[in-house]
Amino acid sequence: MSDIKAQIAEKGTLALGQITAAAELAQLEQIRVSVLGKKGSLSEALKSLGQVPPEERPVLGALANEWKSKIEAALETKKTALEVLAIEASLEKTKLDVTIPSRKPHVGSLHPITTTVRAISKVLGRIGFDVTVGPEIETDFLNFEAVNIPKDHPARDMQDTFFIGPGVVLRSQTSPVQMREMRNQSWPVRILSPGAVYRCDSDATHSPMFHQIEGLWVDRKVSMSDLKGVLDFFAKEMFGTETKIRLRPSYFPFVEPGAEVDVSCMLCGGKNHQCPICKGTGWLEILGAGMVHPRLFELAGYRPDEVTGFAFGMGIERIAMLLHGIPDMRFLFQGDLRFLKQFGVQR
Ligand code: PHE
């Protein structure tokens, strides 16, 4: 009996030593199997109990179970210790520097054309202009005839038009929206209409697709001085309170009288003879304007002896370029993120 006792104690002590020495979880598992597994050393020792006299079995059995629990406890303790070590080692390996700045998500920004339309609409919105839009595919009638440009009128040549079907064009200006709006509602009318327009033209300062914004104010007794007042307010709000405007007589078939409108150069104020934007003239042409031609009122079903009005139209690219100092119009259409990112996130 003492033989088996010694054997059990020896195997148990050996196992405890191995457990203490184990350096990895896998090793610990191997030890568990080799001691407590079906064919493990302790299990084998227990099997040999069959050969001892029955009265000795309970004592030996109890001893074996004691060792078994001791070993199980040692395995468990060691396992926890090794797991902690493993976590610590992996933390050490993958050292996280929480002070490194995180990668920023890509946030889009509004295109300068959009922000310019919004800026113009905001300024003129304050004096009662509402934004409305018209279609980019327009009838020849509304794009031309209804705004007083009949079929053989030379003004058609000024707007190299894309004809996309009989009597259908890509609008070459936003002026047809004037007529759409007047036909849609009775006066007073005070609208702004931004949007894309198309002309068959392409170089550093022209793009086959560009944007205009049209303004129209029709009411009783609207005068040329109202037009000047509105444009003066607009120029000062957009380009700075020092800005002046200048009207030069000009011709557009849908207005009479018509004018081209300049603003004083916001870069040099006319003081630099080599100014890159005004070329030393001190003035920058920004829009066309005039008093609505009575013929348009007739076509809209308004009475020309009852109402008057003014209209103006400007290129949005030109305004955006002046506001941001953009040297080439093509930058606005190339979709180059290095350019677009400079305008920040504005919503
Ligand atoms: N539609 C004109 C153009 O494209 C601009 C304009 C609008 C002029 C309204 C006068 C009045 O050139």
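Note: the structure precedes this text.
Residues numbered from 1 in each chain as written. Predicted model: local features only at pLDDT ≥ 70, side-chain atom pairs only at ≥ 80, totals over all residues. Heavy atoms only, no water.

A. Summary view of the pairing of strand β7 (residues 245-250). By the bridge criterion, six bridges tie β7 to strand β8 (residues 255-264) in an arrangement that is antiparallel. What sits directly across from P249, in β8, is A259. Here β7 folds back onto β8, and the loop between the two strands holds four residues. (Pairing = 2+ DSSP bridges. Helix = DSSP H or I, 4+ residues; strand = E, 2+ residues; numbered from the N terminus.)

B. Examining helix α11 (residues 316-324) more closely. Along α11, the positions that sit buried rather than exposed are I316, E317, I319, A320, M321 and L322. At its buried positions, α11 is contacted by α5 (112-125), β5 (189-198), β6 (209-219), α9 (224-239), β9 (283-292) and β10 (308-315). With its phi angle positive at about 65°, G325 sits one or two positions after the end of α11. (Buried < 20%, exposed > 50% of the residue type's maximum accessible area, 1.4 Å probe, protein only. Contact = heavy atoms within 4.5 Å.)

C. Quick look at the sheet that holds β10. Ordered by their spatial adjacency, seven strands build an open sheet running β1-β5-β6-β10-β9-β8-β7, and the pairing between neighbours is mixed. Of all strands in the sheet, those bounded by a partner on one side alone are β1 (130-131) and β7. The strands touched by α11 within the sheet are β5, β6, β9 and β10, with β10 carrying the most contacts at an inclination of about 60°. (Axes fitted to C-alpha atoms, helices over the stretch in contact; angles between N-to-C directions.)

D. Quick peek at the site of the ligand. Close contacts around the ligand come from 14 residues, with Q173, S175, R199, Q212 and E214 the closest. Q212 is positioned such that a nitrogen or oxygen atom in its side chain is 2.9 Å from an oxygen atom of the ligand. For the ligand, whose accessible area on its own is 330 Å², the fraction buried by protein is 92%. Sorting the residues of the shell around the ligand by element identifies β6, β9 and β10 as the ones contributing at least two each. Counting residues per element, the shell around the ligand draws most heavily on β10, which supplies three residues. A breakdown of the residues in the shell around the ligand according to their chemical character gives five nonpolar, seven polar and two charged. (Near = heavy atom within 4 Å. Polar contact = N/O pair within 3.5 Å; in protein donor to acceptor, adjacent residues only side chain to side chain. Areas by Shrake-Rupley, 256 points an atom, 1.4 Å probe, with all protein chains shown as cover. Nonpolar A, V, L, I, M, F, W, Y, C, P; charged D, E, K, R; others polar.)

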